[in-house]
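Observations on the three-dimensional arrangement
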Amino acid sequence: MKRLARAILTACMAGSLILTLVAAAQIAMSDTLAPLRERTAQEIVAATDAMMAREATPERLSELIATRLAEEPRNWATLDALREAALEQGVALPADLATDYDLAKAEDGSLAHMAGDCAACAWDITACSLSTAMVCKLPILVTPVEDVRGVVKAGWDYLAGQDVDEVDLGLSIVGLGATALILFTGGTSETLKLGASAAKLARGMKILSPGLERMALTAVRTGVDWKALTRIDGSIESLTRAVRLDAFRPLADVASDIGRIGTATGPTSALHLLRYVDDAPQARQMARAAEALGPRTVARAEVLGPARLMRSTMRLSGTAWELISGLIGLIGSVTLLIIGLLKGAAFRLLRRLAR
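First, a word on what this report is: a plain description of the structure on this page. In this convention, every chain numbers its residues from 1, walking through the sequence in written order. Under the rules for a predicted model, residues below a pLDDT of 70 receive no local features and side-chain atom pairs below 80 are neither given nor counted, while totals for whole chains, interfaces and linings still include all residues. Calculated side-chain values reflect all of the structure's heavy atoms, with hydrogen atoms and water omitted.

With 14 residues, helix α4 (residues 76-89) should cover 20 Å at 1.5 Å per step; its first-to-last C-alpha distance of 19 Å lies within 8% of that length. Accessible area is worked out with a 1.4 Å probe on protein chains only. A residue is then buried under 20% of its type maximum, exposed over 50%, and partly exposed in between. Per the convention used, a helix needs a DSSP run of H or I reaching at least four residues, while a strand needs a run of E reaching at least two, with both numbered from the N terminus. Here α4 has its buried residues at W76, A77, T78, L79, A81, L82, A85 and A86. Looking at the packing, one finds that the buried side of α4 touches α2 (41-55), α3 (58-69), α5 (95-108), α7 (130-136), α16 (267-274) and α18 (297-304). What qualifies as a polar contact is a pair of N or O atoms within 3.5 Å, subject to a donor-acceptor requirement within protein and to the restriction that residues adjacent in sequence count only when both atoms come from side chains. One side-chain oxygen at the N-terminal end of α4 lies 3.2 Å from the backbone nitrogen of A77; it belongs to N75. Remark: G90 follows α4 within two positions and exhibits a positive phi of approximately 70°. An expected span of 1.5 Å times one less than the residue number is assigned to each helix. We call two residues in contact when some of their heavy atoms are within 4.5 Å.

Take a look at the structure:
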């Protein structure tokens, strides 16, 4: 019986090892067998619908809305999205919270309040809120003039020996490239330009993530010819002489994904979601979530958390499950075999001691 048990365990271990090695080899040799696969839009909706049904409770939604109402300035992109989520889930807010919501919306939406905030935002980007930025500042940033200004200013600062705002320069180059129809990606010039402008606005409002700032710095420090930059005039020829486009492609890809988020959810919602994007994979995942969910993306990011929302765009492939099952079987077989060997050694030691 012992020999039979050992033979069975050895066979299980060998089979698990072979299965694991085959799956690992398939993944290593084929790009189409990645352990994680992108979900379709329908799958993203279904997955997040199921999570919202569990977690968008009256207590959770009330807590989130109350927290956002206490902020200054208030984030109406999030507040409106959460209110819509409550209606979608059939959740009735407490009467006092609903009253506070309506009073705050009337106060912040008044003409006098909006006019003052808009003037401050147009003058100083750091004074912008999500409610005013899209109306009062973004129309300025999406113009080619603003990108040319950013690039020319960087050139003059470099010549004068002053500090150069390299993040602004990197985003200006990407925006100018979109305007000049130098497409860094397979996207459109509209999404690329919208994304670059939204990133500049987020940077001015101090909500651009550190990861995206590092991407802009890397692009500038590896892809800019500073002498040629001082002679740029906004034309395609002068731009291509001053920058290495391949160094800016990763940043341009992210800007294009940000533009996709804006197209799917609206610019204000995209500006809010941008703070959660720290690298290229996250930008792609957030863009896919936004294209599947549309305006509901903001509420789901708030209720579920941005990390879970982005993970919902991916799923384990069949190959990954095969690899996991093989590893579990291999670990189990090895563990049982070791236990058997230890038991045998212990019995032999006891027999020697008994003699």
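Time to look at the pattern of salt bridges. A pairing counts as a salt bridge when a side-chain nitrogen of Lys or Arg comes within 4 Å of a carboxyl oxygen of Asp or Glu. Counted under the stated rule, the structure contains 24 salt bridges. E38 serves as the salt-bridge partner of R284, at 2.6 Å between the closest nitrogen and oxygen. Placement of the pair is R284 in helix α17 (residues 280-293) and E38 in strand β1 (residues 36-38), with a sequence separation of 246 residues. Note that D102 and R83 form a salt bridge whose closest N and O atoms lie 3.8 Å from each other. In this pair, D102 sits in helix α5 while R83 sits in helix α4, placing the two residues 19 residues apart along the sequence. Judged by its relative accessible area of 44%, D102 falls in the partly exposed class. Taken together, the shared-partner salt bridges in this structure form one network comprising E146, D147, R149, D168, K193 and K200.

With that settled, the discussion passes to the packing of aromatic side chains. Working definition: a ring pair exists when centres of Phe, Tyr or Trp rings (six-membered ring for Trp) sit within 6.5 Å. Plane angles under 30 degrees give stacked, over 60 give edge-to-face, the rest tilted. Enumeration according to the criterion identifies two aromatic pairs in this entry. Relative to Y101, the ring of W76 lies with its centre 5.4 Å away and its plane at 80°, an arrangement referred to as edge-to-face. A residue pair is termed long-range when its members are at least 10 positions apart, and W76 in helix α4 and Y101 in helix α5 qualify at 25 residues. Across the pair, Y101 and W76 agree in class, each one buried. Lysine and arginine charges are scored as sitting over a ring when NZ or CZ, respectively, is within 6 Å of the ring centre and within 35 degrees of the ring normal. Across the ring face of Y101, the terminal group of R83 is positioned such that the distance to the ring centre comes to 4.6 Å.

So, on to the nonpolar core. Among buried residues, those of type Ala, Val, Leu, Ile, Met, Phe, Trp, Tyr and Cys that are joined through side-chain atoms within 4.5 Å constitute a nonpolar core. In terms of nonpolar packing, the biggest core is built from 88 residues, with L201, F248 and L271 touching the most fellow members. Per element, the largest residue contribution to this core is eight residues, and it comes from helix α15 (residues 245-265).

The next thing to look at is the environment of G116. Considering the arrangement of structural elements, one finds G116 in helix α6 (residues 111-123). Taking relative accessible area as the criterion, G116 reaches 42% and is therefore assigned partly exposed.

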